[in-house]
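An overview of the molecular structure
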Amino acid sequence: MGLNLLFLGVLLLPWASALLVALFPKPLFSISLSAVFSVAALYFCTTASVDFKIAYPWFNLGGQQLNLSFWANASAQLVLGLVAIVSFCVQLFSKSYLKEDPSIGRYYLYFHLFVGSMTLLLLTDSILVFYGAWELVGACSYLLISFWHQKTAAIQAAKKAFLINRLGDIALLFGLIALGLHFNTWQFSAMHGIAPALIGITIIAGGMAKSAQFPLMSWLPDAMEGPTPASALIHAATMVAAGVFVGVRVFDITGPETHLFMGIIGAISFLTGAVFAIFQNDIKKTLAYSTISQLGLMWMGMGSDASLFHLLTHGIFKAGLFLAAGAVIHTVHSQSLNDMGGLRKKAPIAAWGYLIFGAGLMGLPLTGGFYSKENIAGYLYTSGHVELLVVLALGMVLTSFYISRQFYLIFMGPVKEGSPNKDFSLETPIRLLIIASFFIWISWNPIEIHDSALLERFEVTIYHIPSFWLYITAATWVLGMAGAYLTRNWIPAGNYQLLPGLWPSLFRFIRWKSRSAQVFETQFIDRFVNGIAALQVIIAHLSAWFDRHIIDGIFVGGSASISAGTGKILSRWQSAKVQSYWAMIIVTFALFLLYALFIK
């Protein structure tokens, strides 16, 4: 019973916190509530069984009882632990980063609502509740992206994110309904067997927008218009990982076709995101494209335990990169690489953090990122998708290149003139994430996962790969860092976007098609529709005239006049006068005599 109450506390506390913060919008109060949630969530994850289930009666539908059911399996508990750690660090960071913002109370309100929505998404067993939580996560993302609503760019970015995510949401809705009808149940835990490939692909397609995967990836770089701490939580560690989590959720009930589709989309996104991370001069947009790339790497894991493992390590080091970037932005009051350089002396903790988090992104030993990347390589090798290993190796070269060059441009080289030497209290959460990024939490062996209590607790499968892959991995580090050294002083002129940068001819074609469609619509479709409407008005007037003058005037009115005249004439015969009746009899008798004589 105690564990059930603890579960309900973890599930409901963020929602209660949002209400309390709305009434008492104080940063320390909000951080305290977040700390309570994080401790409770981590305690639950370490004490509950890996197949924890609980259900409450909900309502009847068509004679079928639907329960409000929850399923905290191993994967859900692992991601919940990630949410607990990152959300607390981000809240702590936000206190200093947004201390001068007059709307910080509203920010914390949105923050708790998001954590509550994400927690519900992770722990629910009901398809219906899962989709509701999925939409709530998107709505909270919209609110946080548009937090600085006085900025036009923030409003436009929020609208873009919301609309693009609707495409994925529609696909997911149809996929989940089809999944429930196929298995004749609305609970994930009660589904056994393999769903048809079309259903699985539809569900995975639903996660493409949420994870900003190709081709629905353009919203995530624009979402950097929101506060940097919100980007650390939502657009690096949690919300965008929901697309990966839905793949993990249905991995056991989907077939190889669905897994391959997920892997191909991930491979394209992994390379595309890495390429575009190179051509950004905005520190946050670089990390946004890096997130797209790393999420693509998780998708290459096809929803297996390898994807789940990298989701955990990536959430730690990418949240750390965003917070370190926030500390840099707080120092120089700019997001442009042109205004940075030599900041290792002005922001030493941010520099160390960026170095360690970047090492995790590259997959260097002594970091958790090394284990998770190698585990994905092992999964691809053992599952027979060796061709994707080539994509992985190429993407690792690009990753090492862009993060090494960015580190140099920000923290090395000469100090830019005019960079203020500020004293800020943003270091504690960065330090916590630095500690969480090291290998010792996973395995004491820095080269190979060996007797990992963490992974055994959450039943994460370890995939091994031949030793030759370590040489390839080392080569990717060398090539990437060498390329970064050779181009260390090059800063892109602007922030290149997906379509106009990667496929200029395709972008021009789409733009021409859009303009042509607009001309066709305004000059032909609209005129045709307006002509039909005018014709309908004319026909309506003619019908009214015909009804009024022909139908009512001639047919209805004429017959009524004839009937009235005939009745008036016949009514004179019924006068009730005896002399009139005798006169009629005499006339009638006279006519009869004339007729008889005429016949003779």
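Residues numbered from 1 in each chain as written. Predicted model: local features only at pLDDT ≥ 70, side-chain atom pairs only at ≥ 80, totals over all residues. Heavy atoms only, no water.

1. Describing the overall build of the protein chain
Quick reminder of the rule: Numbered from the N terminus, helices here are DSSP runs of H or I no shorter than four residues, and strands are runs of E no shorter than two. When accessible area is computed with a 1.4 Å probe and restricted to protein chains, residues below 20% of their type maximum are described as buried, those above 50% as exposed, and intermediate ones as partly exposed. Residues are treated as being in contact if the distance between any of their heavy atoms lies within 4.5 Å. Accessible surface is estimated by sampling points in the Shrake-Rupley manner with a 1.4 Å probe; for residues, cover comes only from the protein chains shown.
The helix and strand tally for the protein chain stands at 22 helices and two strands. Across the 600 residues that make up the protein chain, the buried fraction comes to 52%. Taking all contacts inside the protein chain whose residues are at least 6 apart in sequence as the whole, residues at least 24 apart take part in 79%. Of the accessible surface of the protein chain, which amounts to about 27,100 Å², a share of 69% is contributed by carbon and sulfur atoms.

2. A few points about the pattern of salt bridges
Which entries qualify depends on this criterion: We count a salt bridge whenever a side-chain nitrogen from Lys or Arg sits within 4 Å of a carboxyl oxygen from Asp or Glu.
All told, the structure shown has six salt bridges when counted by the stated rule. Linking Glu225 and Lys151 is a salt bridge whose minimum nitrogen-to-oxygen distance equals 3.4 Å. Of this pair, Glu225 sits in the loop between helix 8 (219–222) and helix 9 (228–237) while Lys151 sits in the loop between helix 5 (127–145) and helix 6 (152–183), and the two are 74 residues apart along the sequence. The closest approach of N and O atoms between Glu427 and Arg431, which form a salt bridge, is 3.2 Å. Here Glu427 and its partner Arg431 are both found in helix 17 (residues 427–437), four residues apart, which amounts to about one turn of the helix.

3. Quick notes on the confidence of the model for the protein chain
Regions with low pLDDT should not have their predicted coordinates read in detail. The line we're drawing: pLDDT is a per-residue confidence score from the predictor, ranging from 0 to 100.
Mean pLDDT over the protein chain stands at 83; residues scoring 70 or higher make up 85%. At the low end of the mean pLDDT range in the protein chain sits helix 20 (residues 498–502), at 50; at the high end sits helix 16 (residues 387–411), at 92.

4. A word on helix 3 (residues 74–97)
The condition is simple: What a helix is expected to span follows from its residue count: subtract one and scale by 1.5 Å.
Its 24 residues give helix 3 an end-to-end C-alpha distance of 34 Å, which sits within 8% of 34 Å, the value for a rise of 1.5 Å per residue. The element helix 3 is largely enclosed, with a buried count of 20 among its 24 residues.

5. Quick notes on the packing of helix 12 (residues 283–300) against helix 13 (residues 305–332)
Basically, it comes down to this: Axes here mean lines fitted to C-alpha atoms, for a helix over just the part in contact, with angles spanning 0 to 180 degrees between N-to-C directions. Should an angle fall under 35 degrees it is called roughly parallel, over 145 degrees roughly antiparallel, and 65 to 115 degrees roughly perpendicular, with every other angle called oblique. Gly counts as polar in this scheme, as do all residues outside two lists: the nonpolar Ala, Val, Leu, Ile, Met, Phe, Trp, Tyr, Cys and Pro, and the charged Asp, Glu, Lys and Arg.
The interhelical angle for the contact between helix 12 and helix 13, taken along N-to-C directions, is 180 degrees, at an axis separation of 10 Å. Classified by the interaxial angle, the pair formed by helix 12 and helix 13 is roughly antiparallel. Note on element contacts: helix 13 touches helix 12 through Ser307, His310, Leu311, His314, Phe317, Lys318, Leu321, Phe322, Ala325 and Ile329, opposite Ile283, Lys284, Leu287, Ala288, Ser290, Thr291, Gln294, Leu297 and Met298. Within the contact of helix 12 with helix 13, the residues separate by chemical class into 11 nonpolar, six polar and two charged.

6. Notes on a nonpolar patch on the surface
Which entries qualify depends on this criterion: Patch construction takes residues with relative accessible area above 30% that form no salt bridge. Like charges are linked within 9 Å, and nonpolar side chains (Val, Leu, Ile, Met, Phe, Trp, Tyr) are linked within 5 Å.
There is a patch of nonpolar side chains on the surface, built from Tyr381, Val386, Phe468, Tyr471 and Ile472 and spanning about 500 Å² of accessible area. By residue number, the principal contributor to the nonpolar patch is helix 19 (residues 468–486), which donates three residues. Among the structural elements, Ile472 can be located in helix 19.

7. Digging into helix 17
Defined as follows: Think of it as the arc spanned by the lines of direction from the helix axis to the C-beta atoms.
Considered for burial, the residues of helix 17 that qualify are Pro429, Ile430, Leu433, Ile434 and Ser437. Taken down its axis, helix 17 places every buried residue within 145 degrees of arc, on the same side. Here the buried face of helix 17 lies against helix 3, helix 13, helix 14 (348–362) and helix 15 (368–382).

8. Regarding the side chain of Arg405
For clarity, the threshold we go by: Charged residues are defined here as Lys and Arg on the positive side and Asp and Glu on the negative side; His and the ends of the chain fall outside this count. Each polar contact in these results corresponds to two N or O atoms within 3.5 Å; when the atoms are within protein, one needs to be able to donate a hydrogen and the other to accept it, and residues that are neighboring in sequence are counted only if both atoms are side-chain atoms.
Among the structural elements, Arg405 can be located in helix 16. For the buried residue Arg405, which engages in no salt bridge, the nearest side chain bearing the opposite charge is Asp282, 12 Å off. Within the structure, Arg405 has its side chain in polar contact with the backbone oxygen of Trp490 (distance 2.9 Å). What Arg405 contacts, discounting residues up to four positions off in sequence, is Ile278, Ala484, Thr487, Arg488, Trp490 and Pro492.

9. Regarding the packing of helix 7 (residues 197–210) against helix 11 (residues 256–278)
Test applied: The handedness criterion is simple: a crossing whose near helix is rotated anticlockwise from the far helix by less than a right angle is left-handed, and one whose near helix is rotated clockwise is right-handed.
For the pair helix 7 and helix 11, the least separation of the axes is 8 Å and the interaxial angle reads 30 degrees. Looking at the two axes, helix 7 sits roughly parallel to helix 11. Judged by the sense of rotation from one axis to the other, the crossing of helix 7 with helix 11 is right-handed. Contact residues: Ala197, Gly200, Ile201, Ile204, Ala205 and Met208 in helix 7; Glu257, Thr258, Phe261, Met262 and Ile265 in helix 11. Here the residues of the contact of helix 7 with helix 11 sort into eight nonpolar, two polar and one charged.

10. What about unusual backbone geometry?
Residue Phe214 is joined to Pro215 through a cis peptide bond whose omega torsion reads 0 degrees. Note that Pro215 resides in the loop between helix 7 and helix 8. Of note, the phi angle at Asn184 is positive, near 55 degrees, even though the residue is not glycine. As for its placement among the helices and strands, Asn184 is situated in the loop between helix 6 and helix 7. Positive phi is not limited to glycine here, since Glu459 has a value of about 55 degrees. Residue position: Glu459 is located in the loop between helix 18 (453–457) and helix 19. On the basis of relative accessibility, which here comes to 53%, the residue Glu459 falls in the exposed class.

11. Digging into the environment of Gly263
Within the fold, Gly263 resides in helix 11. A relative accessible area of 0% places Gly263 in the buried class. Between the alpha carbons of Gly263 and Gly296 there is a distance of 8.2 Å; along the sequence they are 33 residues apart.

12. Overview of the nonpolar core
Inside soluble globular proteins, nonpolar side chains tend to come together where they are buried. Here is the rule we go by: As used in this record, nonpolar core signifies buried Ala, Val, Leu, Ile, Met, Phe, Trp, Tyr and Cys residues forming a set joined through side-chain atoms within 4.5 Å.
Within the largest apolar cluster, 180 residues are counted, with the highest numbers of intra-cluster contacts made by Leu179 and Tyr354. Top contributing element to this core by residue count: helix 13, with 17 residues. Beyond its immediate chain neighbours, meaning those up to four positions away, Leu179 contacts Phe188, Met191, Ala195, Ile199, Ile203, Val250 and Ile253.

13. Some details on the environment of Val129
Looking at where Val129 falls in the secondary structure, it is placed in helix 5. Measuring from C-alpha to C-alpha, the distance between Val129 and Ser69 comes to 8.9 Å, with 60 residues separating the pair along the chain.

14. Brief notes about the environment of Ala482
In this structure, Ala482 sits in helix 19. Separated by 82 residues in the primary sequence, Ala482 and Ser400 have C-alpha atoms spaced 9.2 Å apart.

15. Concerning the side chain of Thr119
Note on placement: Thr119 falls in helix 4 (residues 104–123). With a relative accessible area of 0%, Thr119 lands in the buried category. Polar side-chain contacts of Thr119 include one of 2.7 Å to the backbone oxygen of Val115. With residues up to four places along the chain from it excluded, the contact list for Thr119 reads Val10, Leu11, Phe37 and Leu80.

16. Description of the packing of aromatic side chains
This is how the line gets drawn: A pair of Phe, Tyr and Trp rings is counted when the ring centres sit within 6.5 Å of each other, with Trp represented by its six-membered ring. The angle between the planes then sorts it: under 30 degrees is stacked, over 60 is edge-to-face, the rest tilted. Consider the ring centre and the ring normal. A charge sits over the ring if Lys NZ or Arg CZ is within 6 Å of that centre and within 35 degrees of that normal.
Under the counting rule described, the total for this entry stands at 21 aromatic pairs. A ring pair is formed by Phe7 and Phe52, whose centres lie 5.2 Å apart and whose planes are at 45 degrees; its orientation type is tilted. You can see Phe7 sitting in helix 1 (residues 2–23) and its partner Phe52 sitting in strand 1 (residues 51–61), a full 45 residues away along the chain. Given the relative accessible area of 0%, Phe7 is considered buried. When its relative accessible area of 6% is taken as the criterion, Phe52 is described as buried. Ring centres 5.2 Å apart and planes at 40 degrees place the aromatic pair Phe407 and Phe411 in the tilted group. Of this pair, Phe407 and Phe411 both sit in helix 16, four residues apart, which is roughly one turn of that helix. Here Phe407 and Phe411 have matching classes, each one buried. The ring of Tyr485 has Arg488 sitting right over it, with the charged end atom 4.1 Å from the ring centre.

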